[in-house]
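Analysis of the macromolecular model
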Amino acid sequence: MAGCVSRVELSVTCRSLLDRDLGSKSDPLCVVLQDAGGGRWAEIVSSSVFTRPLELKQGKPAGKGTITISAEEIKDTRVVYLEIEARNLDKKDLFGKSDPFLEFYKQSDAGTWQLMYRSEVIKNNLNPCWRKFSVPLQTFCGGDFNKPIKVQCADHDSDGSHDLIGTFETNLTQLQKAGDGSAVEFECIHPEKKQKKKSYKNSGIIRIKSCKIETEYSFLDYVMGGCQINFTVGVDFTGSNGDPRSPDSLHYISPDGINEYLIAIWSVGSVVQDYDTDRLFPAFGFGAQIPPSWQVSHEFPLNFNPSNPYCQGIQGIVDAYRQILPQIRLYGPTNFSPIINHVARFAAHSAQQGTASQYFILLIITDGEITDLDQTRQAIVNASKLPMSVIIVGVGEADFKAMEFLDGDNSFVKSLTGEPAARDIVQFVPFRQFKNAPREALSQMVLAEVPKQLVSYYKWQGWPPVKLPEIKKM
């Protein structure tokens, strides 16, 4: 399995591109496409340098333009964190100071310089302090702490004709001396000024305030290191779905055996199940009257077995869903908090172990407006401190504004008391946007944020993978 999940970093450079703009140079965008036709993975590029002439269309060269791509397997998960400022930079603008930014280059085996980081531009400032930034160690220097690094400081111009302020060369060994209140300083030298003026000293001082190297693990590192993904499904059986016997109902199973609920279960579950070794998934319903008392329940097992709510694989969830439909009465209201709290109890128990061994994903499939919004907000804030993610798939044509509110892409959810979520754990996807799309498109969108959420939780806790990845020798 390990051979199928190696991460690869691609470096792309172009030379002699055609100029497609009238008033300035081109603004090139590179797109790398991979043809995996016939069920086979095609090799894009080997570890050697891959250079080809550019073409406007097949058989028609794009002038003398060439593209060079090289691939390098990511063998090291360490990351370089840098904090940098500058003092007394040269003034480059006629009516202002300078708009400085930094560029970091590493030297390739062929001796050429490859850009590997560009900072933000700080406007009108000769003593800038740039934001703390990080670069993967392999990108930074290929793991060689003595590999030459060139740093350029330039004045940004909107037309792309940036003016060099100065440059210097160093390596990671020297940069690492910065930290604990002790900065490392480099003179920023402009080669032409140095050659022309005997009295020239420098064009400013670049100060490395801090340089730290930390290990940063990926989603694959955690999963391959033994983290189990626990998948739970919650199905909305409220009355607003309509009578399951009617073709107008969202729970109506069509002659071909599907409905939007089943498609959502299959789309998400078929991907998640590969990360769970026992493939036993608890599945619950909410918002229905259930026998024998016909009381409304907001967390009843689809198999009617509270002591063992697990279904065997995704097919087991589908079978339990089909069997329970004629046995319950759709009712209401639409309460999410009970099932979120149910899964959160298991996540909290797992978190007490203090290891990255269990992560929980709750898939809620619903047709409409949530009733217990305040309680759900509190449940999400509580769950954000646990190894847990919540995915909400909205079926039907209802207004899902409350769901979009819970999906904290723009700002974190807050409880009634104003406590913000510790991290974003909710992903909402309206099914109607994927009605005519391939099933893979829905699963890709629904699960897009889970790897990032898993990593963010374990990073926040400071927990490495249970089994650490081997750092391969360079």
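Note: the structure precedes this text.
These notes cover the structure that comes with them. On a predicted model such as this, the values are computed, not experimentally measured, just so you know. (Residues numbered from 1 in each chain as written. Predicted model: local features only at pLDDT ≥ 70, side-chain atom pairs only at ≥ 80, totals over all residues. Heavy atoms only, no water.)

**A look at the overall build of the protein**
When you go through the protein residue by residue, the secondary structure sums to 11 helices and 21 strands. The C-alpha extent of the protein, read off along each of the three principal axes, is 95 × 60 × 50 Å. Intrachain contacts of the protein at a sequence separation of at least 6 include 72% that bridge at least 24 residues. Roughly 25,000 Å² of accessible area belongs to the protein as shown, and the carbon and sulfur atoms make up 50% of that amount. (Helix = DSSP H or I, 4+ residues; strand = E, 2+ residues; numbered from the N terminus. Contact = heavy atoms within 4.5 Å. Areas by Shrake-Rupley, 256 points an atom, 1.4 Å probe, with all protein chains shown as cover.)

**Here's the deal with the nonpolar core**
With 82 residues, the main nonpolar core has Phe231, Phe237 and Met388 as its most contacted residues. Leave out the neighbours within four places in its chain, and Met388 touches Ile340, Val343, Ala344, Ala347, Tyr359, Phe360, Leu362, Ala383, Arg423 and Ile425. Val135, Cys153, Leu175 and Ala178 belong to the second largest nonpolar core, which has 31 residues in total. (Core = buried A, V, L, I, M, F, W, Y, C linked by side-chain atoms within 4.5 Å. Buried < 20%, exposed > 50% of the residue type's maximum accessible area, 1.4 Å probe, protein only.)

**Re helix H6 (residues 313-324)**
The terminal C-alpha atoms of H6 lie 17 Å apart, and with 12 residues this matches the ideal 16 Å at 1.5 Å per residue to within 8%. Every buried residue belonging to H6 is among Gly313, Ile314, Gly316, Ile317, Val318, Ala320, Tyr321 and Ile324, and all of these are buried. Turning to H6, the residues buried within the fold contact strand E12 (228-236), helix H5 (260-272), strand E13 (280-286), strand E16 (300-301) and strand E17 (310-312). (Expected span 1.5 Å × (residues − 1).)

**Focus: the pattern of salt bridges**
Taken as a whole, this structure holds 14 salt bridges when the rule is applied. A salt bridge links Arg377 to Asp374; the shortest N-O distance between them is 3.5 Å. With Arg377 and Asp374 both in helix H8 (residues 373-383), this residue pair falls three residues apart, about one helical turn. With a relative accessible area of 35%, Asp374 lands in the partly exposed category. (Salt bridge = Lys/Arg side-chain N within 4 Å of Asp/Glu carboxyl O.)

**A word on the side chain of Asp367**
Summarising the element assignment, Asp367 is placed in the loop between strand E19 (358-366) and H8. Here Asp367 sits buried without a salt bridge, and the closest side chain of opposite charge, Arg432, lies 10 Å off (N-O distance). Within the structure, the side chain of Asp367 is placed 2.8 Å from the side chain of Ser240, a separation counted as a polar contact. There is a polar contact of 3.4 Å between the side chain of Asp367 and the backbone nitrogen of Asn241. (Lys, Arg positive; Asp, Glu negative; His and termini not counted. Polar contact = N/O pair within 3.5 Å; in protein donor to acceptor, adjacent residues only side chain to side chain.)

**Concerning the packing of aromatic side chains**
In the structure shown here, the tally under the stated rule is 18 aromatic pairs. Seen in terms of ring centroids, Phe104 and Phe140 are 6.2 Å apart; in terms of plane orientation they differ by 45°. Their pairing is tilted. You can see Phe104 sitting in strand E5 (residues 100-107) and its partner Phe140 sitting in helix H1 (residues 137-141), a full 36 residues away along the chain. For the pair Phe231 and Phe281, a centre-to-centre distance of 5.7 Å together with 75° between the ring planes defines the contact as edge-to-face. Of this pair, Phe231 sits in strand E12 while Phe281 sits in strand E13; the two residues are 50 residues apart in sequence, bridging distant segments of the chain. (Phe/Tyr/Trp six-rings, centres within 6.5 Å; stacked < 30°, edge-to-face > 60°.)

**Let's talk about unusual backbone geometry**
Here the bond from Pro291 into Pro292 is cis, since omega is 0°, no more than 30 degrees from zero. The residue Pro292 is located in the loop between strand E14 (288-290) and strand E15 (295-297) in this model. The omega angle of the peptide bond from Gly332 to Pro333 is 0°, so this bond is cis rather than trans. With respect to the secondary-structure elements, Pro333 resides in the loop between strand E18 (329-330) and helix H7 (337-351). Phi at Trp294 is positive, roughly 60°, even though this residue is not glycine. Checked against the element boundaries, Trp294 lands in the loop between E14 and E15. The exposure class of Trp294 is partly exposed, given its relative accessible area of 28%. Within the chain, Phe304 stands out as a residue other than glycine whose phi angle is a positive 60°. Topologically, Phe304 is positioned in the loop between E16 and E17.

**Re the pairing of strand E8 (residues 149-155)**
Buried residues dominate E8, accounting for six of its seven residues. When E5 meets E8, the two strands line up antiparallel, connected through seven bridges. Of the residues in E8, the one forming a bridge with Phe101 is Ala154. (Pairing = 2+ DSSP bridges.)

**Considerations on the sheet that holds E14**
The three strands lie next to each other as E15-E14-E18, forming an open sheet whose pairing is antiparallel. Whereas interior strands pair on both sides, the edge strands pair on one side only; in this sheet they are E15 and E18. For E14 and E15, the ladder comprises three bridges, and the chain directions are antiparallel. Paired with Ala288 across the strands is Ser297, a residue of E15.

**A word on the packing of H7 against H8**
Here H7 crosses H8 at 15°, and the two axes come no closer than 9 Å. Between H7 and H8, the interaxial angle falls into the category roughly parallel. Our pair here, H7 against H8, has a crossing hand that is left-handed. Counting all contacts with H7, which are made through Ser337, Ile340 and Asn341, the residues of H8 involved are Gln375, Thr376, Ala379 and Ile380. (Axes fitted to C-alpha atoms, helices over the stretch in contact; angles between N-to-C directions. Parallel < 35°, antiparallel > 145°, perpendicular 65-115°, else oblique. Left-handed = near helix turned anticlockwise from the far one by under 90°.)

**Here's the deal with the sheet that holds strand E7 (residues 133-136)**
If you walk across this open sheet you meet the four strands as E7-E4-E11-E10, and the pairing is antiparallel. Strands with a single pairing partner mark the edges of an open sheet, and in this sheet they are E7 and strand E10 (184-187). Averaged over all pairs of adjacent strands, the angle between strand axes in this sheet comes to 35°, irrespective of strand direction. Sheet analysis places strand E4 (residues 78-87) next to strand E11 (residues 205-215), joined by 10 bridges and oriented antiparallel. Counterpart to Leu82 in the pairing with E11 is Cys211.

**Topic: H7**
Helix length check: H7 (15 residues) gives 20 Å between terminal C-alpha atoms against 21 Å at 1.5 Å per residue, within 8%. Lining the buried residues of H7 we find E12, E13, E19, H8, strand E20 (388-394) and helix H11 (450-461).

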